[in-house]
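# Survey of secondary and tertiary structure
Chain by chain, the residues run as shown.
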Amino acid sequence: MNPKPYESHGAGDPTAVPAALGLGLLAVGGWLLTTARPWQKPGHPLTLGLGWAASAALLVCGLVLLARCVRAVHGRPDTDSGPDATIAEAPTTDMRTHTED
């Protein structure tokens, strides 16, 4: 009987943890922003300013983490390395001078 029922797939996705952290920061920042509403509970302006600044910082950090993960996954592939690096661009043909036999 095989002790490992599943195949080894190697290391996981390196963008999974930063993406989850970014989503968590967005959630906490959004929650903090909704709890620091001056029209719901009037408070000291310093407290409201600190709450909004903290929520804005969390939202920006979460958005940056998420954007970096999306760019890593869906970004432009490197043209300098990889198996397709030796393939040159396809030659362009001018259809006006092209004749068929």
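Residues numbered from 1 in each chain as written. Predicted model: local features only at pLDDT ≥ 70, side-chain atom pairs only at ≥ 80, totals over all residues. Heavy atoms only, no water.

### Concerning the overall build of the protein chain
Of the regular secondary structure elements, the protein chain holds two helices and zero strands. For the protein chain, buried positions account for 11% of its 101 residues. Contacts in the protein chain between residues at least 24 apart in sequence constitute 68% of all its contacts with a sequence separation of at least 6. Surface accessibility of the protein chain: about 9000 Å² in total, with carbon and sulfur atoms responsible for 64%. (Helix = DSSP H or I, 4+ residues; strand = E, 2+ residues; numbered from the N terminus. Buried < 20%, exposed > 50% of the residue type's maximum accessible area, 1.4 Å probe, protein only. Contact = heavy atoms within 4.5 Å. Areas by Shrake-Rupley, 256 points an atom, 1.4 Å probe, with all protein chains shown as cover.)

### Looking at the side chain of Ser55
Inspection of the secondary structure puts Ser55 in helix H2 (residues 45–74). Of the polar contacts made by the side chain of Ser55, one reaches the backbone oxygen of Trp52; its length is 2.9 Å. Those residues in contact with Ser55 that lie beyond four places of it in its chain are Gly29, Leu32 and Leu33. (Polar contact = N/O pair within 3.5 Å; in protein donor to acceptor, adjacent residues only side chain to side chain.)

### So, the environment of Gly30
Looking at the element boundaries, Gly30 is found in helix H1 (residues 16–35). Its relative accessible area of 24% is what places Gly30 among the partly exposed residues. Gly30 sits 28 residues away from Leu58 along the chain, and the two C-alpha atoms are 8.4 Å apart.

### A few points about the side chain of Thr15
Turning to its location among the elements, Thr15 is positioned in the segment before H1. Among the residues examined, Thr15 registers a relative accessible area of 14% and is labelled buried. Non-local contacts of Thr15, meaning those with residues more than four positions away in its chain, are made with Cys69, Ala72 and Val73.

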